[in-house]
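# Close look at the chain arrangement
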Amino acid sequence: MYVTTYFEEGEHHHNRDKHLVFVLANAESHGLTRIQPELYACECGEDLSPEKLDAGDEEKASWPNCKSWRDGGQKRCPECGEYPSIGREQHIRARGYQPTPKSEIKQVTSNQREEALGKTDGQCMVCSESAAYVVRMVPPRYGGSRDLENLAPLCDHHYEDYGHMFADILVPPEWAKIHGADWKEIATELRGQFDETGVESMVDTLDNLLDKHDGRDLGNPFPYLHPENQ
């Protein structure tokens with residue numbers, strides 16, 4: 001279920017300096033499949049944990065002046081000395097999600113696009129401007145479906161000037177990947193909104209989550225997320 005949109009600011013993903021984060025409740029209903037995060041694997045057979053990649057950095061001839069893998073530099077295997085080629089599916093599995101092979105990804109049809117535009121009367125889901133694009137909240141590489149629930153109409157501005165991410169408000173630790181987001185603050189605000197609109201099931205769920213994580217470290221389920229970005 002789509003809940004709201006969070007704006008992530010800052011240069012932390014690819015070449016875009018700001019992102020729309022589609023806030024969901026039960027991302028599985030959008031096609032996402034969670035798995036136990038898997039370590040990267042080098043072609044030599046070595047499992048590349050973050051600690052081993054740190055050791056690989058230190059073995060580079062240009063260390064410590066080289067660009068760290070954590071800052072976008074090349075990852076080096078300390079076992080064989082090679083720079084492993086890590087594909088999209090390894091990256092996705094390391095984040096704790098089951099990837100969808102490129103060969104199995106299907107495009108949104110024209111009928112599905114029109115149906116998505118119809119649910120917002122042709123307006124952008126984020127603002128009141130006319131929508132020109134339809135994106136999947138959970139991207140297809142993460143298993144995002146073409147169902148109406150997962151389709152978001154966007155205007156030119158919110159499509160072209162922003163990257164697009166998703167986060168499940170019911171899975172607090174996963175918010176560690178969203179730069180600058182305070183899950184407790186966002187969850188508390190949403191809890192108040194659900195209370196005002198009488199959605200008691202969500203109020204009870206968020207109350208339980210807020211009580212469970214009150215004063216506790218939410219944790220970081222992503223082994224390759226830089227600690228400074230938590």
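Look a little higher up for the structure.
All figures in this text were calculated on a predicted structure; none of them were measured in a lab.

### Looking at the overall build of the chain
A tally of regular secondary structure across the chain gives six helices and seven strands. Beginning at the N terminus, the succession of helices and strands in the chain can be written as β-β-β-β-α-α-α-β-β-α-β-α-α. When burial is assessed residue by residue, the chain has 40% of its 230 residues classed as buried. Taking the contacts inside the chain whose residues are at least 6 apart along the sequence as the reference set, 60% of them involve residues at least 24 apart. Charge-centre separation for the chain: the mean point of 24 positive side chains lies 5 Å from the mean point of 42 negative side chains.

### Looking at helix α6 (residues 200-212)
Here α6 is 13 residues long and its end C-alpha atoms lie 18 Å apart, about the 18 Å a rise of 1.5 Å per residue gives. For α6, the set of buried residues is Met-202, Val-203, Leu-206, Leu-209 and Leu-210. One side of α6 holds all its buried residues, which, seen down the axis, span an arc of 135 degrees. Exposed side chains of α6 directed beyond 90 degrees from the buried face belong to Glu-200, Asn-208, Asp-211 and Lys-212. At its buried positions, α6 is contacted by α5 (183-197).

### Focus on the packing of aromatic side chains
The full count for this structure, using the stated rule, is nine aromatic pairs. Consider the rings of Phe-7 and Tyr-162, whose centres lie 5.8 Å apart with planes at 70 degrees: the pair is edge-to-face. A residue pair is termed long-range when its members are at least 10 positions apart, and Phe-7 in strand β1 (residues 2-13) and Tyr-162 in the loop between α4 (156-160) and β7 (163-168) qualify at 155 residues. Relative accessible area serves as the criterion here: at 35%, Phe-7 is assigned to the partly exposed category. Both rings, one in Tyr-97 and one in Phe-166, keep their centres 5.9 Å apart while their planes meet at 50 degrees; by these two values the pair is tilted. With a gap of 69 residues between them, Tyr-97 in the loop between α2 (88-94) and α3 (110-119) and Phe-166 in strand β7 connect regions that are remote in the sequence.

Cut-offs and rules
Residues numbered from 1 in each chain as written. Predicted model: local features only at pLDDT ≥ 70, side-chain atom pairs only at ≥ 80, totals over all residues. Heavy atoms only, no water. Helix = DSSP H or I, 4+ residues; strand = E, 2+ residues; numbered from the N terminus. Buried < 20%, exposed > 50% of the residue type's maximum accessible area, 1.4 Å probe, protein only. Contact = heavy atoms within 4.5 Å. Lys, Arg positive; Asp, Glu negative; His and termini not counted. Charge placed at Lys NZ, Arg CZ, Asp CG, Glu CD. Expected span 1.5 Å × (residues − 1). Arc of directions from axis to C-beta. Phe/Tyr/Trp six-rings, centres within 6.5 Å; stacked < 30°, edge-to-face > 60°.

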